[in-house]
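# Results of the structural survey
Now for the letters of each chain:
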Protein chains: 2
Amino acid sequence: MNQPDRTVLALDAHGGDRGLDVSVPAALQALAEDPQLEICLVGDRHSLERALAQATQRADDRSRIHLLHAESVLGMDASPVQALRRGRDSSLWKAFEAVAEGRAGACVSGGNTAAMMAVGVKLLGTLPGIQRPALMAYVPRPRGRTGVLDLGANLNVSAQQLAQFAVMGSVTASAVEAVERPRIGLLNVGHEDGKGHETVREAHALLRSLPLNYVGFVEGHDIFGGKVDIAVCDGFVGNLVLKSSEGLARMLLEDLRGTLQGSLRSRLGAALARPALRRMVARLDPSAHNGAPLLGLDGVAIKSHGSADRTGMTRAIVEAGREARRKVHKRIEASLREFGLETST
Amino acid sequence: MNQPDRTVLALDAHGGDRGLDVSVPAALQALAEDPQLEICLVGDRHSLERALAQATQRADDRSRIHLLHAESVLGMDASPVQALRRGRDSSLWKAFEAVAEGRAGACVSGGNTAAMMAVGVKLLGTLPGIQRPALMAYVPRPRGRTGVLDLGANLNVSAQQLAQFAVMGSVTASAVEAVERPRIGLLNVGHEDGKGHETVREAHALLRSLPLNYVGFVEGHDIFGGKVDIAVCDGFVGNLVLKSSEGLARMLLEDLRGTLQGSLRSRLGAALARPALRRMVARLDPSAHNGAPLLGLDGVAIKSHGSADRTGMTRAIVEAGREARRKVHKRIEASLREFGLETST
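Just so we're clear, the structure is a prediction, and the values are computed from it rather than from any experiment.

The subject of this paragraph is the overall build of chain A. Counting its secondary structure elements, chain A contains twelve helices and twelve strands. The C-alpha radius of gyration computed for chain A amounts to 21 Å, which stays within 12% of the reference 20 Å derived for 345 residues, consistent with globular compactness. Of all 345 residues assigned to chain A, the portion counted as buried reaches 59%.

Structure representation (structure tokens):
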């Protein structure tokens, strides 16, 4: 099914909280947005046929859709061990297998992150020097978006690993975002050289010696301030920063909704301002930035948020298409070698 | 100047980016809000006299204000070493000295945090078992506020230190917030027992053994979700979570402002909804939650944000009054001893 100008993606159609109800319409939406895509829906063949029949109007809507049957589905709470032991017939496994065997350029799943990591490492392997893949998410900022990594896969990291994250983030942003020399920052409790614990100080020295556009230490507020394109941190910090930001954004938007529904006067005001407010909420909506690459695997894999809606899943699929087309993993491998970071410490 | 029903505070009047312009009006505002307060303004006597003359209308406005002269001012970028070596004549030092000598029940400063820590440890000393004080900030949530600690003083912490933070936060919330059994959460990358690195898992086991209202591991979004009253983490994580949240809140509010000023229709809508929006912004404003106690010192000291405005500084002063009145440090000392956490590891 691989045509030279086509990018084939394997989509774990059962991944995510809402399974086929989200993944099938999202796949069709992504195909409409990106005419070079082909999507291989991985899951229970009968359910997929049924969902497709409901979602598509004409036969030619299906010309760029393929089906790949999988016997089972991994639950959202599947552990890595369960995924590896009992997951071989699952839609997640089959999606990764399609990438490993060269039948797809990337896979996408909204399933359990740890299970996805484990299956990804097993089937695709990691790049030389990478112990575990890192997860990078995008957050909005006044113009564009900032990539933050790692988000939870690597809790205790060395300075060398932080430098690897920086390289992987930089390569991805320049390949996918068309940012020529992405500005890289290392998250710390202050900008000054002596700040922070030993690992970040060591990573700071290492990053300065590399031919990256490294701007130095940055602070928490710089993530949303537009000072950097990529913010680097260990997975413990990254996970907490991202999840607390999600929590705060949710509270603020709910507050705004409640505020505007308060008095008659506010309701009238809100009605008038609605189109502008909708645009703002849409831009801030995590769905608009869904699609987190697992970087460091020898292949392209994109994690979609478990609770992603159709818009969110569409974004993750389109992101996968871009990364597959640019063979981001091969560029990362070349850069790690060029920078002497291809050995693990 | 100590009357039995009065609480005397020493205010470093030069601390903070805007010095006397903020601290003097804030002091008067705090006195108006809390009739039991007396405030000792610490700084250059002449400048203070002038600022007071401008800010007060009648002589009796000054009945609860005292002046304490200080020869010098520590800059906002003063290092701990500079503060200790050359800071003995500074307003910060004199404010802490007033607490150390029992002339004030608490001190407040908007100066450099690290310098404040150093001077606080030097003059007040730490409580038994505490290596360095922890900084606790409050963040808004749908109802009330959540205390988060530590915010940057302790970058590498042991499980025992995390447990000490939990006790200090719990005691403070129950004394000051009148929360009977504050719900304590330990920040981690997931709720499940096996999640996270060794230190948080060890702290989790320790916290479960203590007679606290410990609810277990919580995630980043729980800070703003109202699941806990106190969220505990190391200072590296706490600093990044707080500063990234501040950055996000600032971006969202600016976005909202820009959105509502866009079209004529939006501007009209915004004008109608303005009173409601103002209330919302005021609630989310960091000023409304200013005043971070340094916990673990043998005395009460409150850090005000360097960029705090008059409203913010007023909140910090009122907070200091509450903590001084309840002798929070003595309650913390008693709890640490009761829980067997009075030895440092």
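Okay, the pairing of strand β11 (residues 292–295) of chain A next. Residues and elements named next belong to chain A. Residues Ala292 and Leu294 line one face of β11 and the alternating positions Pro293 and Leu295 line the opposite face, and both faces are buried. Looking at chain direction, strand β5 (residues 134–135) and β11 are connected through two bridges and run antiparallel. For Leu135, the partnering residue across the bridge sits in β11 and is Leu294. Taking the residues that link successive antiparallel strands as the turn, the β11-strand β12 (residues 300–303) hairpin has four residues, and the phi of Gly296 there is positive, at about 110°.

An α-helical segment advances 3.6 residues per turn. Residues three or four places apart therefore align on the same side. Residue and element names in this part refer to chain B. Turning to helix α7 (residues 198–208), its buried residues number three or more, namely Val200, Ala203, His204, Leu206 and Leu207. Taken around the axis of α7, the buried residues stretch over an arc of 170°, which confines them to a single face. Residues Glu198, Ala205 and Arg208 are exposed on α7 and point more than 90 degrees away from its buried face. Buried residues along α7 sit in contact with α6 (159–176), β8 (184–187) and β9 (214–218).

Superposition of chain A onto chain B requires a rotation of 180° combined with a translation of 0.0 Å along the rotation axis, giving an RMSD of 0.0 Å. The symmetry that links the two subunits is that of a two-fold axis. Every residue of chain A has its C-alpha some distance from the rotation axis, and the shortest such distance is that of Gly269 of chain A, at 1.8 Å. Residue by residue, 98% of the interface of chain A is reproduced at the interface of chain B, so both copies engage with the same surface.

What follows covers the sheet that holds strand β6 (residues 137–140) of chain B. All names here are of chain B. The mixed open sheet is built from five strands, whose spatial order is β6-β7-β10-β8-β9. What marks the edges here is a single partner per strand, and that holds for β6 and β9. On average, each strand axis in the sheet is tilted by 30° relative to the strand beside it, whichever way the strands run. Packed onto the sheet, α7 meets β8 and β9 and runs at close to 165° relative to β8. Seen against the sheet, helix α9 (residues 235–260) touches β6, β7 (145–149) and β8 and runs at an angle of roughly 140° to β7.

Next up on the list: the interface of chain A and chain B. Quite often, the size of an interface is put as the accessible area lost when its parts meet. Listed by partner, the interface residues are 48 residues for chain A and 47 residues for chain B. The set of elements that each furnish at least two residues to the side of chain A that touches chain B consists of α8 (222–225), α9 (235–260) and α10 (264–284) of chain A. Taken together, the residues of the side of chain A that touches chain B break down into 25 nonpolar, 16 polar and seven charged.

We now examine the sheet that holds strand β10 (residues 230–232) of chain A. The strands making up a sheet are joined through hydrogen bonds of the backbone, oriented either antiparallel or parallel. All names here are of chain A. Spatial ordering of the open sheet is given by β6-β7-β10-β8-β9, a layout of five strands whose pairing is mixed. Across the chains shown, the open sheet's two edge strands, defined by having one partner strand only, are β6 (137–140) and β9 (214–218). Within this sheet the neighbouring strands show an average axis-to-axis angle of 30°, counted without direction. Note: β6 against strand β7 (residues 145–149), four bridges, orientation antiparallel. Bridging across to β7, Pro140 finds its partner in Arg145. Sitting on the sheet, helix α7 (residues 198–208) touches β8 (184–187) and β9, and the angle it makes with β8 is about 165°.

Taking 1.5 Å as the rise per residue, α9 of chain B with 26 residues should run 38 Å; its terminal C-alpha atoms sit 37 Å apart, in good agreement. Most of α9 of chain B is tucked away, with 19 of its 26 residues classed as buried.

This brings us to unusual backbone geometry. For the bond running from Leu149 of chain A to Asp150 of chain A, omega is 5°, close enough to zero to count as cis. Topologically, Asp150 of chain A is positioned in the loop between β7 and α6 (159–176). Of note, the phi angle at Ala178 of chain B is positive, near 55°, even though the residue is not glycine. Relative to the helices and strands, Ala178 of chain B resides in the loop between α6 and β8. A positive phi angle, close to 45°, is found at Lys327 of chain B, a residue other than glycine. Tracing the backbone through its elements, the reader meets Lys327 of chain B in the loop between α11 (310–325) and α12 (328–338).

What follows covers the confidence of the model for chain A. Averaged over all residues, the pLDDT of chain A equals 91, while 97% of them reach at least 70. Here the predicted complex scores 0.91 on pTM and 0.89 on ipTM.

What follows deals with the packing of α6 of chain A against α7 of chain A. Residue and element names in this part refer to chain A. Close contact between α6 and α7 brings their axes to 8 Å; oriented N to C, the two are set at 50°. Relative to α7, the element α6 lies oblique. In this structure, α6 crosses over α7, and the sense of that crossing is right-handed. Contacts between α6 and α7 involve Ala159, Gln160, Leu162, Ala163 and Ala166 on the former and, on the latter, Thr199, Glu202, Ala203, Leu206 and Leu207.

Quick notes on the rules
- Residues numbered from 1 in each chain as written.
- Chains lettered and ligands numbered in written order.
- Predicted model: local features only at pLDDT ≥ 70, side-chain atom pairs only at ≥ 80, totals over all residues.
- Helix = DSSP H or I, 4+ residues; strand = E, 2+ residues; numbered from the N terminus.
- Rg over C-alpha atoms; globule rule 2.2 N^0.38 Å.
- Buried ≥ 20, exposed ≤ 12 C-beta atoms within 10 Å, placed from the backbone.
- Pairing = 2+ DSSP bridges.
- Arc of directions from axis to C-beta.
- Contact = placed C-beta atoms within 7 Å.
- Least-squares fit on C-alpha atoms with pLDDT ≥ 70 in both.
- Axes fitted to C-alpha atoms, helices over the stretch in contact; angles between N-to-C directions.
- Nonpolar A, V, L, I, M, F, W, Y, C, P; charged D, E, K, R; others polar.
- Expected span 1.5 Å × (residues − 1).
- pLDDT = per-residue confidence, 0-100.
- Parallel < 35°, antiparallel > 145°, perpendicular 65-115°, else oblique.
- Left-handed = near helix turned anticlockwise from the far one by under 90°.

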